[in-house]
Structures are given as structure tokens and as C-alpha cells.
Amino acid sequence: MIECEGLVKIYKTDDIEVVALQGLNFTVAQGEMMAIIGNSGSGKSTLLNILGGLDRPSAGNVRVGQWNLLKITDEQLVEYKRKTVGFIWQSNARNLLPYLSALENVETPMMMDGRSDRSYAKELLTWVGLEHRMNNKLQQLSGGEQQRVAIAISLANRPSLLLADEPTGSVDSQTSDQIMDTFRKLNRELGVTIVIVTHDLSLAQQVDRVIAIRDGLTSSEMIKRNAALEFARTTHEEYAVVDRIGRLQIPKPHLEALGIIDKATLECDGTQIIIKAPSYEV
């Protein structure tokens, strides 16, 4: 569904150049539900904006389904945003129109695409557990209910990819669990691919795979184990990322713990590679 290779994004002003993404590599399979985790300034929101068609990459390759987002035209970008991708913001003020009911909010993107399907809008609100709140306006809904309306809106044009930017960042833990339950239901029953950007490590237990971004690079990956055992304790195993030319990206905290600054010694015994701080200055 998603393939990024050597993805670069540079922001420029008259006298400042900021490299937000500096050669990021990762893939997302069709129907996968995964999270991208990173601290503020790591580049995760920049990546989400590029995948959502809200920003253009500077270099590298980035494909979503049939679309090449590096070479896409402005006209194609409009079609991509209307038909392929749905977006959920952390702030409900960006998701919802306060003077409309929940049902009217879900219908609005359909009208923007030249059609309306009230029965499908009602079906979506039922899917997210708001069949009793369809005619309520923004001020009559809780924060969690507003976010679930936003999820319904993001699905209004039947996208194959759903992007969520900190969807649980402004709600309590109980509401966060309800929102994640909704994502899992949509992923499982509708088959929509879901990518969630967050700084909350606890979400790692609720998705299939977690990618960590540090300084604009994909530095590590955690894959769920025991996923098929519904009642088993879920654990995650962390992997360092190796790109296509064999470069190994090691999380900076691991290097700092070993006292590795700019050089390391490598030893291979045939079964494993051992990375150490140099025993003498090179």
C-alpha cells in the first residue's frame, strides 16, 4: 500500500534550510494497521502530510497504491485526496464543522465530490457507535464522540488508506481505548489500511507494527508477537532497519549507552554481528 525509499523533505526560507526527513525508508502492507512513533520534531507529522497529499516530498520515492507522490500532478493530487486517502486530525476543530450535525458533517465530503449518500453516512455513524447521536451538533458531543465522528468523515469517500495524526492525544485513557477499538473494527471488517502517528508508546500494544522515527530517519521497528493468540500476553520485538544498500540504522540511545559517538568496531563470528565502541582512538 505504501512504499517509501530515501524519502527527503527540506523546508527552505530566505536564510534557513530545515531537513525534516533525510532518507526515510519503510513500507506498509495492504490492510495493515500500524503506528509511527517519534518525539516532537522527529519528522513523523511531515511524513503523514506527504502521505496525505498535503505536502510534497523534496526527493526520494514515495508511492501509495498506484500513485507516485513525487511526480503526481496537481489535478491527480486532488483525485488522490478525494478517493484514496482519509485524514483524521488531532484537533477536532479541523475535523468538524460546528454548525452542522454529526450526520451533516459526514455528508459534506460526499457533496464536495458531487454526490450525496445519506444512507451510507448513517451507516458510518452506526459503525463508530453513534447511531443515537446523528442529529447532535458539535457542542452536544463529548471529545471522544467528536473524534468518532471524525473517523466516520474520513471514511465518507471510501478511501483505501486512513491516516490519523495523534487521534488519542486530547482524550482520556478510556476514550483512547474506545477510539482504538473503532480503528481495529474498521481495519478488520472493512480492510482499510490504517497508519497512526503518535508519541504514545502504549499504542504499540494495540497495532500490528510500530515504526520509530528519529531525526527524520526510520531507525527501528517493533513487530507484534503472539498476535494470533487472542488471550495471550502480547509482546513486541524490536528490529533495527537495514536499507536497500545495507546500511544499518541503530537507535541513538543504544549508541549513547555504549559510548559510541562517530566510530564503532564491528565483529562477525558467522552467526552474529557485534558492535562495540573503539578500544582506541582511530
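Owing to the predicted nature of the structure, the values given are computational and were not obtained by experimental measurement.

Enquirer: Is there a simple way to think about a nonpolar patch on the surface in this case?
Expert: Together, Tyr11, Ile16 and Val18 give the surface a local cluster of nonpolar side chains, amounting to about 250 Å² of exposed area. By the secondary structure assignment, Ile16 is in the loop between strand 1 (2–12) and strand 2 (17–28).

Enquirer: Would you mind showing me how to read the sheet that holds strand 4 (residues 59–64) here?
Expert: Strand pairing in a sheet relies on backbone hydrogen bonds. The paired strands run either parallel or antiparallel. In spatial order, the strands read 2-1-4-5; together these four strands make up an open sheet with antiparallel pairing. Two strands bound the open sheet, and with one partner strand each, they are strand 2 and strand 5 (67–68). Seen against the sheet, helix 1 (residues 44–51) touches strand 1, strand 2 and strand 4 and runs at an angle of roughly 110 degrees to strand 1.

Enquirer: Where do I start with the packing of aromatic side chains in this structure?
Expert: Scanning the model with the defined rule gives two aromatic pairs in all. Ring plane angle 75 degrees and centroid distance 6.1 Å describe the contact between Trp67 and Tyr80, whose orientation is recorded as edge-to-face. With a gap of 13 residues between them, Trp67 in strand 5 and Tyr80 in helix 2 (residues 74–83) connect regions that are remote in the sequence. Like Tyr80, Trp67 is buried.

Enquirer: I keep staring at the pattern of salt bridges and nothing clicks. Help me out?
Expert: Taken as a whole and assessed by the stated rule, the structure comprises nine salt bridges. Here Glu17 and Lys12 are joined by a salt bridge, their closest N and O atoms 3.9 Å apart. Note on accessibility: Glu17 and Lys12 belong to one class, exposed. The salt bridge involving Arg118 is made with Glu107; its shortest N-O contact spans 2.8 Å. Of the two residues, Arg118 is situated in helix 5 (residues 118–127) and Glu107 in helix 4 (residues 102–112); the sequence distance between them amounts to eleven residues. When its relative accessible area of 4% is taken as the criterion, Glu107 is described as buried.

Enquirer: What is the right way to read the confidence of the model for the chain from this model?
Expert: Caution applies to low-pLDDT regions: their predicted coordinates should not be interpreted in detail. Chain-level pLDDT for the chain is 83 on average; 89% of the residues reach the 70-or-more range. Put simply, strand 11 (residues 235–242) is where the chain has its lowest mean pLDDT, 62, and strand 5 is where it has its highest, 94. A low-confidence stretch, residues 227–234 (pLDDT under 50), is modelled with five contacts involving residues beyond four sequence positions or located in other chains.

Enquirer: Explanation requested: the pairing of strand 1 in the structure shown.
Expert: Residues in a regular strand project their side chains so that they alternate between the two faces of the sheet. Judged from the five bridges that link them, strand 1 and strand 4 form a sheet pairing that is antiparallel. Residue Ile2 lies in a different strand from strand 4, and its bridge partner there is Val64. For strand 1 and strand 2, the ladder comprises nine bridges, and the chain directions are antiparallel. Counterpart to Lys9 in the pairing with strand 2 is Leu21. Between strand 1 and strand 2, which follow one another and run antiparallel, lie four residues.

Definitions and cut-offs
Residues numbered from 1 in each chain as written. Predicted model: local features only at pLDDT ≥ 70, side-chain atom pairs only at ≥ 80, totals over all residues. Heavy atoms only, no water. Patch = residues over 30% accessible without salt bridge, like charges linked within 9 Å, V, L, I, M, F, W, Y side chains within 5 Å. Areas by Shrake-Rupley, 256 points an atom, 1.4 Å probe, with all protein chains shown as cover. Salt bridge = Lys/Arg side-chain N within 4 Å of Asp/Glu carboxyl O. Helix = DSSP H or I, 4+ residues; strand = E, 2+ residues; numbered from the N terminus. Pairing = 2+ DSSP bridges. Contact = heavy atoms within 4.5 Å. Axes fitted to C-alpha atoms, helices over the stretch in contact; angles between N-to-C directions. Phe/Tyr/Trp six-rings, centres within 6.5 Å; stacked < 30°, edge-to-face > 60°. Buried < 20%, exposed > 50% of the residue type's maximum accessible area, 1.4 Å probe, protein only. pLDDT = per-residue confidence, 0-100.

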